[in-house]
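Listed below are the residues making up each chain.
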Amino acid sequence: MSDLPRKAVTRTAKLAALPLGFAGRTALGLGKRIGGRPAELIAAELQQRTAEQLFATLGQLKGGAMKLGQALSVFESALPEQIAGPYRAALTKLQDAAPPMPVKSVHTALAERLGEDWRDLFEEFEDQPSAAASIGQVHRAVWHDGREVAVKVQYPGAGEALLSDLTQLGRFARLLGPLIPGMDIKPLIAELRDRVSEELDYELEARAQRAHAEEFAGDPDVTVPDVVYQSDQVLVTEWLEGVPLSEVIKSGTPEQRDRAGQLLARFLFSGTARTGLLHADPHPGNFRLLTGDAPDGPPEKWRLGVLDFGTVDRLPQGLPVEIGTALRLTLDGEADAVHELLRDEGFVRPEIELDPGAVLDYLLPIIEPARVAEFTFTRDWMRAQATRIADPRSPAYQLARQLNLPPAYLLIHRVTTSTIGVLCQLGATVRLRDEMEEWVPGFGMDSRSQDTPA
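Residues numbered from 1 in each chain as written. Predicted model: local features only at pLDDT ≥ 70, side-chain atom pairs only at ≥ 80, totals over all residues. Heavy atoms only, no water.

Draft legend 1. Structural detail: the packing of helix α10 (residues 202-215) against helix α12 (residues 254-275). Running from N to C, α10 and α12 point in directions that differ by 100°, and their axes come no closer than 10 Å. One element, α10, and the other, α12, form an angle in the roughly perpendicular class. Residues A211, H212 and E215 of α10 form the contact with α12, whose participating residues are F267, R274 and T275. (Axes fitted to C-alpha atoms, helices over the stretch in contact; angles between N-to-C directions. Helix = DSSP H or I, 4+ residues; strand = E, 2+ residues; numbered from the N terminus. Parallel < 35°, antiparallel > 145°, perpendicular 65-115°, else oblique. Contact = heavy atoms within 4.5 Å.)

This is the structure:
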């Protein structure tokens with residue numbers, strides 16, 4: 001697949017084949033069960049084949065399909081281990097790569113958007129892309145002043161493809177539910193669709209990236225490449241050399257994993273506090289580890305490079321103080337106060353009656369990483385949380401069904417959950433509470449929390 005399939009009928013046919021394939025495999029599985037094969041083995045086979053078809057299709061189509069795949073990919077740590085392995089390779093491919101546009105299409109797009117003399121802007125331009133994402137691909141180049149740059153070119157027809165894909169995917173969202181236990185896919189698709197227009201606007205992205213680059217200039221822990229040039233559907237930024245976070249997830253040492261995890265947590269909370277913007281696309285393809293002049297040197301000197309500011313949440317006052325206050329009150333065991341705050345903020349609807357103690361029991365395991373001085377994020381822990389909330393026999397499942405997620409918190413919730421998913425992929429030991437005490441309004445230093453590491 002070498003170009004963005006733009007005809008609605010072509011894209012719709014490919015996406016429509018997904019639920020048909022799922023149904024066919026389910027029927028085949030039933031036949032195997034009648035033939036005496038173990039149900040667990042058949043279920044694992046079905047999920048593996050479904051995942052392979054799903055992510056192959058999403059990667060080929062790019063657009064909204066690939067964006068959903070990237071959003072789902074950070075949740076692979078929640079999958080049962082017996083099926084997580086086959087998923088992992090397919091999911092990770094979506095974090096960094098997709099089939100490229102033909103060179104001729106790239107040149108045509110640049111001529112249309114930068115002018116026929118677009119080559120005069122560059123000393124060098126690499127025709128083969130260095131990375132591909134859901135709505136565009138990135139080419140390495142040398143700007144006319146000698147700076148190494150990344151040139152992001154939007155796929156022709158990307159806007160129409162995004163909206164079409166997400167509309168179609170929304171129609172069979174429930175069939176994707178079994179892939180990620182404990183997660184409702186439909187609101188995720190709806191929220192992704194709402195963000196499409198912003199991500200297609202490279203002027204908005206340039207503003208967000210400039211704000212981060214200015215704020216983090218000279219920072220010892222975080223680096224954001226500055227914007228060099230921006231026009232309609234083309235964005236040129238400084239080139240950022242570094243080790244992809246996906247490589248650390250795959251083969252990093254414990255020290256490297258811990259450093260990457262700490263930096264990721266620091267950026268999650270400090271970025272919003274310092275810029276008034278929440279970077280809202282935290283999949284591993286958007287992060288690099290900068291090792292300086294000594295790539296084999298101590299990880300504690302590594303910095304986190306952050307890319308892609310196409311999706312941001314604008315929070316001028318930083319994270320809502322109610323989040324930090326609710327977390328602190330939960331850790332302090334103030335069940336009635338937590339319940340009242342959640343009701344005031346719309347997490348508990350007026351017509352719903354809940355036991356404050358049950359709400360506290362529901363929240364405490366989820367916020368365990370903030371309770372201790374340091375916490376080791378693992379796939380087992382993530383799976384346990386997902387299973388607890390997804391099991392209809394569990395009290396947590398029954399309570400979760402009665403809770404509401406107000407629209408103002410939807411993106412914050414997704415970013416936080418996605419970042420925790422990446423930390424679990426890393427298996428990192430992180431001092432999360434330190435970052436929250438420094439950067440989360442309302443969390444404060446006075447929370448009566450334990451000091452024993454997990």
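Structure shown, so let's carry the discussion forward.
Draft legend 2. Quick look at helix α16 (residues 379-390). Between the first and last C-alpha of α16 there are 16 Å, a value that for 12 residues agrees with the 16 Å anticipated at 1.5 Å per step. Among the residues of α16, those classed as buried are R379, W381, M382, R383, Q385, A386, R388 and I389. (Expected span 1.5 Å × (residues − 1). Buried < 20%, exposed > 50% of the residue type's maximum accessible area, 1.4 Å probe, protein only.)

Draft legend 3. Up close: the pattern of salt bridges. Following the criterion strictly, the structure yields 16 salt bridges and no others. With a shortest N-O distance of 2.7 Å, K152 and E205 are connected by a salt bridge. Of the two residues, K152 is situated in strand β4 (residues 148-154) and E205 in helix α10; the sequence distance between them amounts to 53 residues. Here K152 and E205 have matching classes, each one buried. Beyond isolated ion pairs, a larger network of salt bridges with shared partners links D221, R259, R266 and E435. (Salt bridge = Lys/Arg side-chain N within 4 Å of Asp/Glu carboxyl O.)

Draft legend 4. Geometry of the nonpolar core. Core analysis: the largest hydrophobic core is formed by 49 residues, its most contacted members being L245 and L426. Those residues in contact with L245 that sit more than four places away from it in its chain are A260, L264, P284, F287, L289, V422 and L426. Counting residues in hydrophobic clusters, the runner-up holds 28 residues, among them V153, V196, V228 and L235. (Core = buried A, V, L, I, M, F, W, Y, C linked by side-chain atoms within 4.5 Å.)

Draft legend 5. A look at the side chain of S394. Along the chain, S394 falls in the loop between α16 and α17 (395-400). Polar contacts involving the side chain of S394 include one to the main-chain carbonyl oxygen of R388, which spans 2.9 Å. (Polar contact = N/O pair within 3.5 Å; in protein donor to acceptor, adjacent residues only side chain to side chain.)

Draft legend 6. Geometry of a negative patch on the surface. Taken together, the side chains of E112, E116, D117 and D120 define an acidic patch exposed on the protein surface. Note that D117 resides in the loop between α5 (103-114) and β1 (122-125). (Patch = residues over 30% accessible without salt bridge, like charges linked within 9 Å, V, L, I, M, F, W, Y side chains within 5 Å. Areas by Shrake-Rupley, 256 points an atom, 1.4 Å probe, with all protein chains shown as cover. Lys, Arg positive; Asp, Glu negative; His and termini not counted. Charge placed at Lys NZ, Arg CZ, Asp CG, Glu CD.)

Draft legend 7. Main features of the sheet that holds strand β5 (residues 222-223). Strand order in the open sheet formed by 4 strands is β5-β11-β10-β8, and the pairing between neighbours is mixed. Single-partner strands in this sheet number two, and they are β5 and β8 (243-244). Summarising the sheet, β8 and strand β10 (residues 287-290) pair through 2 bridges and their orientation is antiparallel. Within β10, the position partnered with V243 by the bridge is L289. (Pairing = 2+ DSSP bridges.)

Draft legend 8. View of the side chain of E435. With respect to the helices and strands, the residue E435 is situated in helix α19 (residues 432-439). If sequence neighbours within four positions are ignored, E435 has contacts with Q262, A265, R266, F269 and V440.

Draft legend 9. Expanded view of the pairing of β4. Most of β4 is tucked away: 6 of the 7 residues are buried. Counted along the chain from strand β3 (residues 136-143) to the antiparallel partner β4, the turn is 4 residues long, and its residue G146 has a positive phi close to 95°. Across 5 bridges, β4 lies against strand β7 (residues 234-238) in antiparallel orientation. Directly across from V153, in β7, lies its bridge partner V234.

Draft legend 10. The packing of aromatic side chains, seen in detail. Enumeration according to the criterion identifies 10 aromatic pairs in this entry. Centre to centre, the rings of F347 and Y409 are 4.9 Å apart; their planes meet at 55°, and the pair counts as tilted. Residue F347 is found in the loop between α14 (335-344) and α15 (356-366), and its partner Y409 is found in helix α18 (residues 407-426); the two are separated by 62 residues along the sequence. Comparing F347 with Y409 shows no difference in burial state: the two are buried. Plain terms: the ring middles of F375 and F377 are 5.0 Å apart, the flat faces sit at 75° to each other, and that makes the pair edge-to-face. Among the aromatic residues, ring-to-ring pairing joins W118, F122, F125, W143 and Y229 into one connected group. In this arrangement the basic side chain of R274 is found over the ring face of F216, its NZ or CZ atom lying 4.1 Å from the centre. (Phe/Tyr/Trp six-rings, centres within 6.5 Å; stacked < 30°, edge-to-face > 60°. Lys NZ or Arg CZ within 6 Å of the ring centre and 35° of its normal.)

Draft legend 11. Quick peek at unusual backbone geometry. For Q233, which is not glycine, the phi dihedral falls at a positive 70°. Residue position: Q233 is located in the loop between β6 (227-231) and β7. Judged by its relative accessible area of 24%, Q233 is partly exposed. Even without being glycine, D308 reaches a positive phi, approximately 65°. By the element assignment, D308 lies in the loop between β11 (303-306) and β12 (312-314).

Draft legend 12. Structural detail: the environment of G333. Turning to its location among the elements, G333 is positioned in the loop between α13 (321-331) and α14. Taking the relative accessible area as the measure of exposure, G333 reaches 41% and is therefore partly exposed.

Draft legend 13. Region of the structure containing the packing of α15 against α16. Remark: α15 packs on α16, axes separated minimally by 10 Å, with the N-to-C direction vectors making an angle of 155°. It follows from the interaxial angle that α15 and α16 lie roughly antiparallel. As α15 packs across α16, the resulting crossing turns out to be left-handed. Of α16, the residues touching α15 (which contributes D361, Y362, P365 and I366) are W381, Q385, R388 and I389. In terms of residue class, the contact of α15 with α16 is made up of 5 nonpolar, 1 polar and 2 charged. (Left-handed = near helix turned anticlockwise from the far one by under 90°. Nonpolar A, V, L, I, M, F, W, Y, C, P; charged D, E, K, R; others polar.)

Draft legend 14. Layout of the pairing of β7. Judged by how many residues are buried, β7 sits mostly within the fold: 4 of 5 residues are covered. In the sheet, β6 pairs with β7 via 4 bridges, with the strands oriented antiparallel. Note on β7: the bridge partner recorded for S231 is V234. What sits between β6 and β7 in their antiparallel hairpin is a turn of 2 residues, with Q233 showing a positive phi close to 70°.

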